[in-house]
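If you want the building blocks of each chain, they are given just below.
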Amino acid sequence: MQKADHERFMHAAIREALAAEMGGNPPFGAVLVRKGRVIASGRNTKTTTGRRIGHAEIQALWELRDVGRAARAETTLYATVEPCAMCLGAALFTGLGRIVYGTPDPLGGAVAMFSAHPVYGAWLPEVVGGVLKAECEALRLRAMEQAEGWTETNGGRET
Ligand SMILES: [Zn+2]
């Protein structure tokens, strides 16, 4: 897939992040793409639902419930921020073929951790990072500013 395609679909994920923010949630967004088409989208819903696991990637992955295994393997996840351990695990168990993210998450991003794991590392599909990085990093920083109790060292853990 070409860089322009990655950017086009990352723009779709960014639109989801902005919609999350407009709705009162942290600006994280994700879309799932198969054969050049967005087949599902998700945005963070943590604040408005009170569900702390309401991450954008999870919202999008729920939409694959009727999609067969071969089609899932042809599906790419676009996420504005490097997926956390929960979302990356969900993407692996779903059997996605590729993961593309906008900006690394130095606090919660799980790609390096999974890569080093003997099983999850073997399951990890192609991962592409840094697509529209500046735009996605600006969104990530806005989300961090909104996170109650967040500091650079505690990763947002409430005390
Ligand atoms: Zn997540």
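A quick note: this is a predicted structure, and the numbers were derived from the prediction, not measured. Think of each chain on its own: its residues are numbered from 1, step by step along the sequence as written. Owing to the predicted nature of the model, reporting of local features is limited to residues with pLDDT of at least 70; listing and counting of side-chain atom pairs is limited to 80 or more, with chain, interface and lining totals taken over all residues.

Moving on to the sheet that holds strand β1 (residues 29–34). For two strands to pair, DSSP has to find at least two bridges joining them. Helix numbers and strand numbers start at the N terminus; a helix is a DSSP run of H or I with at least 4 residues, a strand a run of E with at least 2. Strand order in the open sheet formed by 5 strands is β2-β1-β3-β4-β5, and the pairing between neighbours is mixed. In the strand order of this sheet, the two ends are held by β2 (37–43) and β5 (126–128), each with one partner. The average angle at which neighbouring strand axes cross in this sheet is 20 degrees, direction not considered. Both β1 and β2 contribute to a ladder of 6 bridges, which runs antiparallel. Bridge assignment links R34 to a residue of β2, and that residue is R37. Fitted lines through C-alpha atoms give the axes, limited to the stretch in contact for helices. The angle between two N-to-C directions lies from 0 to 180 degrees.

Now for the environment of A73. Tracing the sequence through the fold places A73 in helix α4 (residues 69–73). Assessed through the 14 C-beta atoms surrounding it within 10 Å, A73 is described here as partly exposed. For A73 and G95, which are 22 residues apart along the polypeptide, the C-alpha to C-alpha distance reads 5.7 Å. By definition, residues are in contact whenever their C-beta atoms, placed on the basis of the backbone, come within 7 Å of each other. Residue contacts for A73: discarding those within four places in its chain leaves G95 and G97. Counting other C-beta atoms within 10 Å of a residue's own tells you its class, since 20 or more makes it buried, 12 or fewer makes it exposed, and anything in between is partly exposed; those C-beta atoms are placed from the backbone.

By convention the nonpolar core is taken to be a set of buried residues drawn from Ala, Val, Leu, Ile, Met, Phe, Trp, Tyr and Cys and joined through C-beta atoms within 7 Å. Core analysis: the biggest nonpolar cluster contains 34 residues, and A13, L77 and Y78 have the highest contact counts within it. When contributions to this core are tallied by element, the ones reaching two or more residues are α1 (3–22), β1, α3 (56–62), β3 (75–81), α5 (85–94), β4 (98–103) and α8 (133–146). For this core, the element with the highest residue contribution is α1, accounting for 6 residues. The residues touching L77, leaving out its near neighbours within four places in the chain, are A30, L32, E57, A91, L96, I99 and V100.

Before going further, it helps to spend a moment on the pairing of β1. Sheet faces and side chains relate simply in a regular strand, where the side chains alternate between the two faces. Counting buried positions over the 6 residues of β1 gives 5, a clear majority of the element. Joining the antiparallel neighbours β1 and β2 is a turn of 2 residues, in which K35 adopts a positive phi near 50 degrees. Sheet analysis places β1 next to β3, joined by 5 bridges and oriented antiparallel. Looking at β3, one finds that V33 is bridged to T76.

Within the secondary structure layout, A60 lies in helix α3. It is 14 Å that separates the C-alpha atoms of A60 and R37, two residues lying 23 residues apart in sequence. Filtering out sequence-adjacent residues up to four positions away, A60 remains in contact with A30, V31, L32, A40, S41 and G42.

Looking now at the pairing of β3. The buried fraction of β3 amounts to 7 of the 7 residues, a majority that puts the element mostly inside the structure. Taken together, the 5 bridges between β3 and β4 define a ladder with parallel strand orientation. If you follow V81 over to β4, its bridge partner there is T103.

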